[in-house]
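The residues making up each chain are set out below.
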Amino acid sequence: PYLHALSLHDAAVDTAKASRRWEEELGFRPDYYVYPYGEYSLAVRDMIKKQGFKAAFGQQSSVAYPGMDFFQIPRFSLNENYGDLDRFKLIANALPLPVRDVLPEDPYLLQNPPYVGFTLDSSVPDPGNLNCFVSRLGKVDLLKPMDNRYEIRFDQPWPTGRTRLNCTLPAKGGRWYWWGVQLLIPEK
């Protein structure tokens, strides 16, 4: 099930049941969790922590880096649409684009359109070439209200369902810095 669509109690029961089944059939309980469909809320993330997992994976296209939340680890999709050799080489050579102070904090959005912002780590070279894209909306304009802080404003509500924000920056040697987040607009 989509855990964010269940009550927190039911999501915890479902997760505990799955862990027991792993233990019964395979003799161990996994240390790592993958959110179904890569979708979660902060409440679900906290519940997974309380269940004793060491880390959890979403499905946002991004590169993991030291200091990030181990319960929001990204993973790139590799499938029939995004799984050819060129795509694999691109993501295998991607560099982390370290950000902090990300808004919205919770990927399960209750405000639509969302307020989006992040602070880019000062170690990233030449941030003037930073570009961000929102799935189903395309390239977005970045506002820079202060040093290394980037914000995005939207005039119209987003469609319900899963949406991804990806930001990239060219790096040396044909490589790319990459950061992304998967956001979810619930149906009313």
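Notes on the structure in this doc start here.

## Considerations on the sheet that holds strand β5 (residues 116–120)
And then number 1: In space, the four strands of this open sheet follow the order β4-β5-β9-β8, with antiparallel pairing throughout. Edge strands, defined here as strands with exactly one partner in the open sheet, are β4 (99–103) and β8 (143–146). Averaged over neighbouring strand pairs, the angle between their axes works out to 25 degrees when direction is ignored.
And then number 2: Examined bridge by bridge, β5 and strand β9 (residues 149–152) share four bridges and lie antiparallel to one another. From the neighbouring strand, Val116 faces β9, where its bridge partner is Ile152.

## Here's the deal with the pairing of β9
And then number 1: Where burial is concerned, the two faces of β9 agree: the one with Arg149 and Glu151 and the one with Tyr150 and Ile152 are both buried.
And then number 2: Bridge count for β8 against β9 is two bridges, and the pairing is antiparallel. Of the residues in β9, the one forming a bridge with Leu143 is Glu151.
And then number 3: What sits between the antiparallel neighbours β8 and β9 is a turn of two residues, in which Asn148 has the positive phi angle 65 degrees.

## Brief notes about the packing of helix α1 (residues 8–26) against helix α2 (residues 42–50)
And then number 1: Two elements in contact, α1 and α2, have axes whose closest approach is 10 Å; the angle formed by their N-to-C orientations is 40 degrees. When the axes of α1 and α2 are compared, the pair comes out oblique. Seen from above, α1 lies across α2 with right-handed handedness. Judged by residue contacts, Leu8, Ala11, Ala12 and Thr15 of α1 engage Ala43, Val44, Met47 and Ile48 from α2.

## Focus on the state of the cysteines
And then number 1: Taken as a whole and assessed by the stated rule, the structure comprises one disulfide.
And then number 2: One disulfide in the model links Cys132 with Cys167; its S-S distance is 2.1 Å. For the disulfide bridge between Cys132 and Cys167, the dihedral angle about the S-S bond is near 110 degrees, and by the sign convention the bridge is right-handed. One end of the pair, Cys132, is in strand β6 (residues 131–134); the other, Cys167, is in strand β10 (residues 161–170), and 35 residues separate them in sequence.
And then number 3: Take Cys167: its relative accessible area is 0%, and that puts it in the buried class.

## Digging into the sheet that holds strand β7 (residues 138–140)
And then number 1: Read from one edge to the other, the open sheet built from five strands follows the order β3-β11-β10-β6-β7, with strand pairing classed as mixed. Two strands bound the open sheet, and with one partner strand each, they are β3 (95–96) and β7.
And then number 2: Bridge count between β6 and β7: three bridges; the pairing is antiparallel. Looking at the pairing, Phe133 lines up with Lys139 of β7.

About the thresholds
Residues numbered from 1 in each chain as written. Predicted model: local features only at pLDDT ≥ 70, side-chain atom pairs only at ≥ 80, totals over all residues. Heavy atoms only, no water. Pairing = 2+ DSSP bridges. Helix = DSSP H or I, 4+ residues; strand = E, 2+ residues; numbered from the N terminus. Axes fitted to C-alpha atoms, helices over the stretch in contact; angles between N-to-C directions. Buried < 20%, exposed > 50% of the residue type's maximum accessible area, 1.4 Å probe, protein only. Parallel < 35°, antiparallel > 145°, perpendicular 65-115°, else oblique. Left-handed = near helix turned anticlockwise from the far one by under 90°. Contact = heavy atoms within 4.5 Å. Disulfide = S-S within 2.5 Å.

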